[in-house]
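Structure at a glance
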Amino acid sequence: LKKRVQLPENKDELYDLSMSINGLLDRIESAIQRERQFTSDASHELRTPISSIRGTLEVLIRKERTREDYEDKINYSLGEIDRMSIIIEQLLFLARNDEGHSIDNSRETEIVSLIDQVINEYTAKLKKKNIQLVFNAKEVNNFQIHAYYGYAILNNVLENAIKYAYSGSTLIIDLKKKNSKPVVKIIDEGIGIKEEDIPKIFNPFFRSEGLEHKHIKGTGLGLSIVQKAAQAIGAKIEVSSIKNRGTTFTIHF
Ligand code: ADP
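The chain is annotated in an unreviewed UniProt entry as histidine kinase from Zunongwangia pacifica. In its Subcellular location (unreviewed entry) section, the UniProt entry covering the chain states "Membrane".

Pasting the structure below:
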């Protein structure tokens, strides 16, 4: 903008200048609108479990209960508190201003060992759902990616792939080289995503309808984190999915 603000020499230039200022104002306005929406959604997401914990505890002190009832309600409240802690951690990641960190190459790590590390963290969940995980790595000699953002991307996409996969299915992680850069595909056999939902899944707090009936828990922030991390390191993410069949996330690092 600084460059553009010079005295226009004629009407056409004045018109162009006013159009570009208008465009800029529109973008600022919609960014402010998005921030407002985000704050209001975040408050709502935290207010809901707080009121439900409050309600549960109020019921508990009103009259004497059986031991089982106490345990039940306290465990429920603890579960809600855990959920709130996850939301808060995720919000902090999204709010953190880490400009500068993204170009810090000293924080790079070897991609195969990063993928191995992420897979290891999900051993118990994979076992519990009886999911067979296959990791193929071809022609990937010593690729380095950003440790912090690379981890954020791989961890969240893999967590979803396991969470939304059918029990007993196969999950494939495929690492290849394209134009001398690493490309990771995470391919699950699971509930899939409706076509009209695909453009929305990276929006904060978006969750496909009906998930709660399937008892799949989540906050709707995982993919916003993926998007922020991808933008920070210039990675591109593609999603393709078939409802009730499965989903493929392709990450071009
Ligand atoms: P959540 O905590 O709900 O998983 P995310 O931001 O990680 O939040 O994902 C947003 C939504 O995208 C999910 O609620 C789900 O509807 C959809 N989604 C993401 N990954 C997958 C996947 N691998 N299979 C099916 N649906 C997915």
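Moving on: the sheet that holds strand 7 (residues 246-252). In sheet architecture, strand pairing relies on hydrogen bonds along the backbone and comes in two forms, parallel and antiparallel. Strand order across the open sheet formed by five strands is 2-4-5-7-6, with mixed pairing between neighbours. The open sheet is flanked by strand 2 (132-137) and strand 6 (236-242), the only strands paired with a single partner. Looking at each pair of strands side by side, their axes are set apart by 10° on average, direction ignored. Contacting strand 2, strand 4 (170-178), strand 5 (181-188), strand 6 and strand 7, helix 5 (residues 147-163) runs over the sheet at an angle of about 20° to strand 5.

Taking 1.5 Å per residue as the helical rise, helix 1 (residues 11-62) with its 52 residues ought to reach 76 Å, and the 75 Å between its terminal C-alpha atoms agrees with that figure. Those residues of helix 1 lying buried are Leu17, Ala42, Pro49, Ile53, Thr56 and Leu60. The inward-facing, buried residues of helix 1 contact helix 2 (67-95). For helix 1, the N-terminal capping position is held by Asn10, with its side-chain oxygen 3.2 Å away from the main-chain nitrogen of Asp12.

Let us now look at the confidence of the model for the chain. Residues at a pLDDT of 70 or more form 92% of the chain, whose mean pLDDT is 90. This prediction of the complex comes with two scores: 0.85 for pTM and 0.98 for ipTM.

In this section: the site of the ligand. In the vicinity of the ligand, 20 residues are found, and the nearest of them are Asn160, Tyr164, Arg207, Thr219 and Leu223. Within the contact set of the ligand, an oxygen atom lies 3.2 Å away from a backbone nitrogen or oxygen of Gly222. Here a nitrogen atom of the ligand sits 3.4 Å away from a polar atom, N or O, in the side chain of Thr247. Across the complex, the protein chains shield 98% of the 540 Å² of accessible surface that the ligand would expose by itself.

Turning our eyes to something else, we now look at the packing of aromatic side chains. Scanning the entire structure with this criterion turns up three aromatic pairs. For the ring pair Phe38 and Phe205, a centre distance of 5.8 Å and an interplane angle of 35° mean the geometry is tilted. With Phe38 in helix 1 and Phe205 in the loop between strand 5 and helix 6 (222-233), this pair connects stretches of sequence that are 167 residues apart. With relative accessibility at 23%, the residue Phe38 sits in the partly exposed group.

What follows is about the packing of helix 1 against helix 2. Two elements in contact, helix 1 and helix 2, have axes separated by 10 Å at closest approach and are oriented at 165°. The angle between helix 1 and helix 2 falls in the class roughly antiparallel. Between helix 1 and helix 2 lies a crossing whose hand is left-handed. Residues that form the contact of helix 1 with helix 2 fall into these classes: 18 nonpolar, three polar and five charged.

Our focus in this paragraph is the pairing of strand 5. The two faces of a sheet get side chains in turn, since along a regular strand they alternate between them. In terms of strand pairing, strand 4 meets strand 5 through seven bridges, oriented antiparallel. Among the inter-strand pairings, Lys176 is bridged to a residue of strand 5, identified as Val183. Adjacent in sequence and paired antiparallel, strand 4 and strand 5 are bridged by two residues, among which Asn179 carries a positive phi angle near 50°. As defined by bridge partners, strand 5 adjoins strand 7 across six bridges and the pair is classed as antiparallel. Note that in strand 7 the partner of Asp188 across the bridge is Thr247.

So, on to the environment of Thr248. Mapped onto the fold, Thr248 is located in strand 7. Residue classification places Thr248 among the buried residues on the basis of a relative accessible area of 16%. For Thr248 and Ser113, which are 135 residues apart along the polypeptide, the C-alpha to C-alpha distance reads 21 Å. The residues contacting Thr248, other than those within four sequence positions of it, are Lys185, Ile186, Ile187, Glu238, Val239 and Ser240.

The rules we used
Residues numbered from 1 in each chain as written. Predicted model: local features only at pLDDT ≥ 70, side-chain atom pairs only at ≥ 80, totals over all residues. Heavy atoms only, no water. UniProt positions renumbered as here; feature names shortened; annotations may be inferred. Pairing = 2+ DSSP bridges. Helix = DSSP H or I, 4+ residues; strand = E, 2+ residues; numbered from the N terminus. Axes fitted to C-alpha atoms, helices over the stretch in contact; angles between N-to-C directions. Contact = heavy atoms within 4.5 Å. Expected span 1.5 Å × (residues − 1). Buried < 20%, exposed > 50% of the residue type's maximum accessible area, 1.4 Å probe, protein only. Polar contact = N/O pair within 3.5 Å; in protein donor to acceptor, adjacent residues only side chain to side chain. pLDDT = per-residue confidence, 0-100. Near = heavy atom within 4 Å. Areas by Shrake-Rupley, 256 points an atom, 1.4 Å probe, with all protein chains shown as cover. Phe/Tyr/Trp six-rings, centres within 6.5 Å; stacked < 30°, edge-to-face > 60°. Parallel < 35°, antiparallel > 145°, perpendicular 65-115°, else oblique. Left-handed = near helix turned anticlockwise from the far one by under 90°. Nonpolar A, V, L, I, M, F, W, Y, C, P; charged D, E, K, R; others polar.

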